[in-house]
Amino acid sequence: MGAVVLLVLATVLGQRRLPARLDLAAEAAGRVAVLDREGQLLHAAHDGGWNLHERVALQEIPLLLREAFVTAEDRRYWQHGGIDWRARTAAVWQNLRAGGAQRGASTISEQVVRLLNPRPRTLWSRWVEGWEAMRLEARYSKAEILEFYLNQVPYASNRRGVLAAARLHFGRHLDTLSESEMLALAVLVRAPSRLSREPAALRAGIQRLLSALQQTGVVSKADAQRVSAQGLQLKRHSQGAQAPHFQREVERRALAIGSAARAQVRSSLDAPLQHLTESYLDERLKDLSREGARQGAVLIVEVPGNRVRAWAVNDQEHPDVVGVDSVRSPRQPGSTLKPLLYALAMERGWDATTLIDDSPLAERVNHGLHQYRNYSRVHYGAVTVREALGNSLNIPAVRALQHVGGADFLERLHLLGMDSLAAHPNVYGDGLALGNGEVSLYELVQAYTALASQGRWQPLTVFEDDLEPRRSRRGYAPQAARTINAILADPAARQLEFGEGAVLRFPAATAVKTGTSSDYRDAWAVAYDGRYVVGVWVGNLSGRETEGITGARGPALLTRSLLAVLAPDTRALQQAELKLQPEPSSGVVTAPAEGPLLLQPFNGLQLAMDPRIPDELEAFEFQLAWNQIPHAVHWLLDGVRVATSSEPYWSWPLRPGVHRLRAQVVADDGQPLETPEVSFQVR
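Residues numbered from 1 in each chain as written. Predicted model: local features only at pLDDT ≥ 70, side-chain atom pairs only at ≥ 80, totals over all residues. Heavy atoms only, no water.

A.B. asks: Any chance you could break down the overall build of the protein chain for me, citing the residues and the numbers?
C.D. replies: Scanning the protein chain from N- to C-terminus turns up 23 helices and 22 strands. Sequence separation of at least 24 residues holds for 70% of the intrachain contacts in the protein chain that already meet a minimum separation of 6. (Helix = DSSP H or I, 4+ residues; strand = E, 2+ residues; numbered from the N terminus. Contact = heavy atoms within 4.5 Å.)

A.B. asks: Break down the sheet that holds strand β4 (residues 307-315) for me, citing the residues and quoting the values.
C.D. replies: Reading across from one edge, β4-β3-β13-β12-β11 is the order of the five strands in this open sheet, with antiparallel pairing throughout. Of all strands in the sheet, those with a lone pairing partner are β4 and β11 (511-516), marking the two edges. The sheet shows a mean angle of 10° between the axes of neighbouring strands, direction not considered. Examined bridge by bridge, strand β3 (residues 295-302) and β4 share eight bridges and lie antiparallel to one another. Looking at the pairing, Val298 lines up with Ala312 of β4. (Pairing = 2+ DSSP bridges. Axes fitted to C-alpha atoms, helices over the stretch in contact; angles between N-to-C directions.)

A.B. asks: Any chance you could break down the side chain of Glu181 for me, citing the residues and the numbers?
C.D. replies: Looking at the secondary structure, you find Glu181 in helix α9 (residues 179-188). Judged by its relative accessible area of 8%, Glu181 falls in the buried class. Sequence-distant contacts of Glu181, defined by excluding residues within four places in its chain, comprise Phe170, Arg172 and Leu232. (Buried < 20%, exposed > 50% of the residue type's maximum accessible area, 1.4 Å probe, protein only.)

A.B. asks: Account for the packing of helix α14 (residues 271-288) against helix α23 (residues 556-566), with residues named and values stated.
C.D. replies: It is at 11 Å that the axes of α14 and α23 come closest, and there the two elements cross at 150°. When the interaxial angle is binned, α14 and α23 end up roughly antiparallel. In this structure, α14 meets α23 at a crossing whose hand is right-handed. Contacts between α14 and α23 pair Leu273, Leu276, Thr277, Tyr280, Leu281 and Arg284 from the former with Leu557, Leu558, Ser561, Leu562, Val565 and Leu566 from the latter. Across the contact of α14 with α23, the residue classes break down as nine nonpolar, two polar and one charged. (Parallel < 35°, antiparallel > 145°, perpendicular 65-115°, else oblique. Left-handed = near helix turned anticlockwise from the far one by under 90°. Nonpolar A, V, L, I, M, F, W, Y, C, P; charged D, E, K, R; others polar.)

A.B. asks: Could you give an account of the confidence of the model for the protein chain, naming the residues involved and the relevant values?
C.D. replies: Any region with low pLDDT has predicted coordinates that should not be read closely. With 89% of its residues at a pLDDT of 70 or more, the protein chain shows a mean pLDDT of 86. When the elements of the protein chain are averaged for pLDDT, helix α2 (residues 25-29) gives the smallest value, 65, and helix α20 (residues 441-452) the largest, 98. Within the model, the stretch residues 569-577 combines pLDDT values under 50 with 23 contacts to residues more than four positions away or in other chains. A low-confidence stretch, residues 581-593 (pLDDT under 50), is modelled with 21 contacts involving residues beyond four sequence positions or located in other chains. (pLDDT = per-residue confidence, 0-100.)

A.B. asks: Describe in detail the nonpolar core, supporting the description with residues and values.
C.D. replies: Grouped together as the largest cluster of nonpolar side chains are 75 residues, with contacts concentrated most on Leu299, Leu340, Tyr342 and Phe409. Residue contributions to this core peak at nine residues, all from α20. Those residues in contact with Leu340 that lie beyond four places of it in its chain are Phe409, Leu413, Leu416, Met418, Ala447, Leu451 and Tyr476. Grouped together as the second largest cluster of nonpolar side chains are 53 residues, Phe69, Val70, Val219 and Val227 included. (Core = buried A, V, L, I, M, F, W, Y, C linked by side-chain atoms within 4.5 Å.)

A.B. asks: A description of the packing of helix α8 (residues 162-170) against α9 should follow, citing residues and the corresponding values.
C.D. replies: Geometry of a packed helix pair, given as the angle between the helix axes and the separation of the axes. Orientation of α8 relative to α9, taken along the N-to-C sense of each, is 115°, at an axis distance of 11 Å. In terms of orientation, α8 and α9 fall into the roughly perpendicular class. Crossing handedness for the pair α8 and α9: right-handed. Side by side, α8 and α9 meet where Val162, Ala165, Ala166, His169 and Phe170 of the first sit next to Glu181, Ala184, Leu185 and Leu188 of the second. Here the residues of the contact of α8 with α9 are counted per class, giving seven nonpolar, one polar and one charged.

A.B. asks: I'd like a description of a negative patch on the surface, backed by residues and values.
C.D. replies: Taken together, the side chains of Glu60, Glu144, Glu147 and Asp175 present a region of like negative charge at the surface. We classify Glu144 as partly exposed; its relative accessible area is 41%. (Patch = residues over 30% accessible without salt bridge, like charges linked within 9 Å, V, L, I, M, F, W, Y side chains within 5 Å. Areas by Shrake-Rupley, 256 points an atom, 1.4 Å probe, with all protein chains shown as cover. Salt bridge = Lys/Arg side-chain N within 4 Å of Asp/Glu carboxyl O. Lys, Arg positive; Asp, Glu negative; His and termini not counted. Charge placed at Lys NZ, Arg CZ, Asp CG, Glu CD.)

A.B. asks: I'd like a description of the side chain of Ser472, backed by residues and values.
C.D. replies: Of note, Ser472 is situated in the loop between β9 (456-457) and β10 (473-474). Assessed through its relative accessible area of 15%, Ser472 is described here as buried. Ignoring sequence-local partners within four residues, the contact set of Ser472 consists of Arg456, Trp457, Gln458 and Glu647.

A.B. asks: Describe the sheet that holds strand β14 (residues 597-600), naming the residues involved and giving the relevant values.
C.D. replies: Pairing in this open sheet of three strands is antiparallel, and the strands run β14-β16-β19 from one edge to the other. The sheet is open, and its two borders are formed by β14 and β19 (649-653), each paired with just one other strand. When the angles between neighbouring strand axes are averaged without regard to direction, this sheet yields 35°. In terms of strand pairing, β14 meets strand β16 (residues 619-625) through three bridges, oriented antiparallel.

A.B. asks: Run through α8, naming residues and quoting values.
C.D. replies: What sets the pattern is the α-helix's 3.6 residues per turn: residues three or four places apart point alike. Among the nine residues in α8, eight count as buried, and that is most of the element. The set of residues buried in α8 consists of Val162, Leu163, Ala164, Ala165, Ala166, Leu168, His169 and Phe170. Buried residues along α8 sit against α3 (63-73), α7 (142-152), α9 and α10 (192-197). With its phi angle positive at about 70°, Gly171 sits one or two positions after the end of α8.

A.B. asks: Describe in detail the pairing of strand β22 (residues 678-682), supporting the description with residues and values.
C.D. replies: The two faces of β22 differ: Val678, Phe680 and Val682 on one face are buried, but Ser679 and Gln681 on the other face are not. As judged from the five bridges shared by strand β20 (residues 657-666) and β22, these two strands associate in the antiparallel manner. Note that in β22 the partner of Leu661 across the bridge is Val678.

A.B. asks: Describe the pattern of salt bridges, with residues and values.
C.D. replies: Applying the stated criterion across every chain, the model contains 38 salt bridges. A salt bridge links Asp287 to Arg284; its shortest N-O distance comes to 3.9 Å. Pair noted here: Asp287 and Arg284 are both in helix α14, with a separation of three residues, about one helical turn. Accessibility expressed as a relative area gives 36% for Asp287, which makes it partly exposed. Here Arg284 falls in the buried class, since its relative accessible area comes to 14%. Linking Arg655 and Asp638 is a salt bridge whose minimum nitrogen-to-oxygen distance equals 3.7 Å. Of the two residues, Arg655 sits in the loop between β19 and β20 while Asp638 sits in the loop between β17 (632-637) and β18 (640-645), which places them 17 residues apart along the sequence. For Arg655, a relative accessible area of 40% translates into the label partly exposed. By relative accessible area, Asp638 is classed as partly exposed at 26%. Each of the salt bridges in this network shares a partner with another, and the network as a whole consists of Glu249, Arg252, Arg253, Arg328 and Glu468.

A.B. asks: Which residues make up the environment of Leu460, and what values do they have?
C.D. replies: For Leu460, the location among the structural elements is in the loop between β9 and β10. Placed 159 residues apart in sequence, Leu460 and Val301 show a C-alpha to C-alpha distance of 7.9 Å. In contact with Leu460, other than residues within four places in its own chain, are Arg253, Leu299, Val301, Asn306, Val308, Tyr442, Gln446, Thr449, Glu468 and Arg470.

A.B. asks: How would you summarise helix α6 (residues 123-139) if you had to cite specific residues and measurements?
C.D. replies: Its 17 residues give α6 an end-to-end C-alpha distance of 25 Å, which sits within 8% of 24 Å, the value for a rise of 1.5 Å per residue. Here α6 has its buried residues at Ser125, Val128, Glu129, Gly130, Glu132, Ala133, Leu136 and Glu137. (Expected span 1.5 Å × (residues − 1).)

A.B. asks: Could you give an account of the packing of aromatic side chains, naming the residues involved and the relevant values?
C.D. replies: Summed over the entire model, instances satisfying the criterion amount to 13 aromatic pairs. Aromatic side chains Trp311 and Tyr442 sit 5.7 Å apart centroid to centroid with 50° between the ring planes, which places their arrangement in the tilted category. In this pair, Trp311 is assigned in strand β4 and Tyr442 in helix α20, connecting sequence segments 131 residues apart. Each of the two residues, Trp311 as well as Tyr442, counts as buried. Consider the rings of Phe622 and Phe680, whose centres lie 6.2 Å apart with planes at 75°: the pair is edge-to-face. (Phe/Tyr/Trp six-rings, centres within 6.5 Å; stacked < 30°, edge-to-face > 60°.)

Structural data, given as structure tokens:
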């Protein structure tokens, strides 16, 4: 009697709580269904957790599929109360005769309990699960339990549920499957990974299931023969864009701004481009893995608007795991900070022709000396800023940092969103010019959008709709940004160190900058053509060195390939053309101290609309020249106020005709000023 009491007590104490609901409403409430920019649901990140977004109601699951599962997994499901004692007794007897475990007798309810409360596979756990299954059936209906099971049953590749499995193996929805494909889903759950690789064993399992269905009267003999004759092609179908890290970013930001109440959020992701980017990154990393690179990331942003169109992460060491997000992981950026440094120097009086001394340089570090060297160990004497930046020379970059000041450069990087550089300027010293700090690919690309947008900076967004408050500001003076763009897009500027540089010589006008951290741990490339900024990082998150992979040898080829795919779109917006020619100092329009002037358009300008481009996509940027930062600018076209901006520029949708433009500028003290009126024509 005492043993029985102890058994009862242990059984009661060994049981766990059951959920208040089986529809996973609480779990789904903390998650947001992420749509792509076209409003299509992005495929879920398959990490083995609950299937929250690929569920289907029981009545929408084909009847044959439901019957097949019940017949294969729990033939007396509709009769028992959670434990099939008849099946369990038969299984025990069969296992005893065989001298080992050959047959299980878990009911569907017991399998659901196992999903809800995972335990080690022991005889005791089987005993406790049976009693929990009886409690489960006392609380929920058979239909609710079966619906939960069919939506959460595990399959290969971390998929859960019959809908996800149908998309994985057949690339289609449940209601488009053939009878043999439905039966295959019911058989695969027994050993998903093995049976998906062994078509003969899968076929045999389908035949056994067909016989069982025929015995129970679910299918007739004629139907069974017809299904047996059906073809079955089982293979892994591409799930399109995965972007699990991007989806997490969207969910995090949506919850932060309170958008989860809508259940669905339209993101900025371009699903076809994301899928292509993932494929390209995977292929490139497979090539580079022979040289020691195991991880990589790509971020593609469309300007203006700074919307993220692709966010790809690849880990060759753990391909089936949603691990560390390389887009958000800080790494040493190498020479990729140099364009941002020289742009600041140009605001402080330098230009492309300013001479810098490229000679051996040793600086005091604590109680010792640090010898700075160029990558090639060659010194060129007096070089221009164009040559120093184009050839990514190290010593001129250090002298540029000394010119602008380390604290000021770090402050500018913070203004551009590089929050990872959180240490005091003295911690980085002059090495900041060469990328001795750590920034993420996200931060780097975000900063480069200021150059691609002619100096205008705006934080990146992962939403297609305007869910986040985003105020743009001036990151750099427009002339400084244009000069940097011109240098980075000029192959001739790279001749000293890179020669012809075939990989860096893009077929269309493209600004490109590469970077390599010390000991070849990180390789970077950022390229932009006026509409897209493409950033790539390749390396090892562990910090392990690669075998000499540089930015030019590793990721640059990937930026080139991706921009080649995007090339047809780079001409879609006239306002997005990459302005590469720096304005000579003699031709710069300088606003007089007494008032602002219109920099663009100028009086007499003639513009022509492109007949190949939809009219609604063509735009022209109005620009103001003034020696102060305006509080507000009212743009008056043909005597009518068409817009008000907080920045000294505004993109005007092109409209044919002869137009007159002036701007009313409100200074910080509230004083209104007005520019002279200019006349221009659009044909």
